[in-house]
Amino acid sequence: MLFVLCGPGGVGKGTVSSRLVERVENLDLSRSWTTRDRRDGESPDSYVFVSREAFEERVADGGFLEYAEFLGNLYGTPVPGDQYLTSDRNLLLEIEVQGAAQVKERFPESSIILLLPPSMSELERRLIGRGDSSEHVKRRLDVADLEIRTARSLGATEFVNSSIDVTVTDIARFIESNSR
Ligand code: 5GP
């Protein structure tokens, strides 16, 4: 079973997803490929960092479940093992909404989880705090609204990330009660 966590950049998807896989039995985190550069201080394990050429080769080989371009970089989810598609293991994808739409189309039974900021000004504060350039922050805020609307159109279940502990508890419960 596939669970897709989406929501605007800076909302806290990374923290929530790593806490969820620690906490929910039978839930693994998918590791994406990306063509973007690694940020200062970012773990080398957070993505498989590749060149655009290597990414495009994998696309041509049919090696991605979904992929999308986001703010000039490519991001993709490697095709998961059969255990996530046919048996009782659960996989969490932490991706943006164009990818979520592709997953939902291929696997209509998958669950989309939309993580929302308490407010847009709080989101702006978080993006600035994590060191993105001001031009980058502005672009991310511009796409945030569209991302939220698209996720809603996919029938996402919504959670407001106002308190990390409460949010993780609520989403963990949701995953446990919706997994096979
Ligand atoms: P960031 O550059 O901040 O790590 O990620 C930018 C956006 O790409 C985030 O919304 C993140 O969830 C999304 N993303 C990460 N991995 C994937 C992926 O494999 N596929 C898609 N479609 N989006 C991804």
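Look a little higher up for the structure.
Now for a description of the structure that goes with this document. (Residues numbered from 1 in each chain as written. Predicted model: local features only at pLDDT ≥ 70, side-chain atom pairs only at ≥ 80, totals over all residues. Heavy atoms only, no water.)

Some thoughts on the packing of aromatic side chains
Convention followed: Between the rings of Phe, Tyr and Trp (Trp by its six-membered ring), a pair exists once the centres lie within 6.5 Å; its type follows the angle of the planes, with under 30 degrees stacked, over 60 edge-to-face, and the other angles tilted. Using a 1.4 Å probe on the protein chains alone, a residue whose accessible area is under 20% of its type maximum counts as buried, one over 50% counts as exposed, and one in between counts as partly exposed. For a Lys NZ or an Arg CZ to count as sitting over a ring, it must be within 6 Å of the ring centre and within 35 degrees of the ring normal.
On inspection of all chains with the given rule, the structure shows 8 aromatic pairs. Relative to Phe49, the ring of Tyr47 has its centre 5.7 Å away and its plane inclined at 70°; by these criteria the two rings are edge-to-face. On the basis of relative accessibility, which here comes to 17%, the residue Tyr47 falls in the buried class. Above the plane of the ring of Phe64 lies Arg58, whose end atom (NZ or CZ) is 5.5 Å from the centre.

Some details on the pattern of salt bridges
So the rule is basically this: Counted as salt bridges are all cases of a side-chain nitrogen of Lys or Arg within 4 Å of a carboxyl oxygen of Asp or Glu.
Under the defined criterion, the tally for this structure stands at 11 salt bridges. In this structure, a network of salt bridges that share partners links the residues Arg52, Glu56 and Glu69.

Description of the site of the ligand
In plain terms, the rule: The near set for a molecule or strand comprises every residue that places at least one heavy atom within 4 Å of it. Each polar contact in these results corresponds to two N or O atoms within 3.5 Å; when the atoms are within protein, one needs to be able to donate a hydrogen and the other to accept it, and residues that are neighboring in sequence are counted only if both atoms are side-chain atoms. All accessible-area figures derive from a Shrake-Rupley calculation using a 1.4 Å probe, and residue coverage is judged against the displayed protein chains alone. For the purposes of this entry, the term helix denotes a DSSP run of H or I that reaches at least four residues, the term strand denotes a run of E that reaches at least two, and both are numbered from the N terminus.
The local shell around the ligand holds 17 residues, among which Lys13, Ser32, Arg36, Tyr47 and Tyr75 are the closest. Separating an oxygen atom of the ligand from a side-chain N or O atom of Ser32 is a distance of 2.6 Å. For the ligand, whose unbound accessible area comes to 510 Å², protein coverage reaches 96%. For the shell around the ligand, the secondary-structure elements that each account for two or more residues are strand E5 (64-70) and strand E6 (73-78).

Here we look at the environment of Asn178
Inspection of the secondary structure puts Asn178 in helix H7 (residues 164-178). The class of Asn178 is partly exposed, set by a relative accessible area of 34%. Among the polar contacts made by the side chain of Asn178, one reaches the main-chain carbonyl oxygen of Phe174 at a distance of 2.7 Å.

Some words on the side chain of Asn90
For Asn90, the location among the structural elements is in strand E7 (residues 90-94). The class of Asn90 is buried, set by a relative accessible area of 3%.

Observations concerning the packing of helix H5 (residues 120-129) against helix H6 (residues 134-153)
Packed helices, taken two at a time, are described by their axes: the angle between them and the distance between them. Which entries qualify depends on this criterion: To obtain an axis, a line is fitted to C-alpha atoms, over the contacting stretch when the element is a helix, and the angle between two such axes runs from 0 to 180 degrees between their N-to-C directions. With the far helix as reference, a near helix turned anticlockwise by less than a right angle produces a left-handed crossing, and one turned clockwise produces a right-handed crossing. The contact rule is simple, with two residues in contact once any of their heavy atoms fall within 4.5 Å. Residues are grouped as follows: nonpolar covers Ala, Val, Leu, Ile, Met, Phe, Trp, Tyr, Cys and Pro; charged covers Asp, Glu, Lys and Arg; every other residue, Gly included, is treated as polar.
Running from N to C, H5 and H6 cross one another at 145°; their axes reach a closest spacing of 10 Å. Where H5 crosses over H6, the two elements pack in a sense that is right-handed. Two secondary-structure elements touch here, H5 through Met120, Leu123, Glu124, Leu127 and Ile128 and H6 through Val137, Arg140, Leu141, Ala144 and Asp145. For the contact of H5 with H6, the per-class residue count stands at 7 nonpolar, no polar and 3 charged.

As for the pairing of E5
Where we set the bar: For two strands to be treated as a pair, DSSP must find at least two bridges joining them.
With 5 of 7 residues buried, E5 lies mostly within the body of the structure. As paired elements, E5 and E6 share 6 bridges and run antiparallel to each other. Residue pairing for E6: Ala68 is matched across the bridge by Tyr75.

What to know about the sheet that holds strand E3 (residues 33-34)
In spatial order, the strands read E4-E3-E6-E5; together these 4 strands make up an open sheet with mixed pairing. Two strands in the sheet have a free side with no partner beyond their single neighbour: strand E4 (48-49) and E5. Along the sheet, helix H2 (residues 52-60) makes contact with E3, E5 and E6, crossing E6 at roughly 40°.

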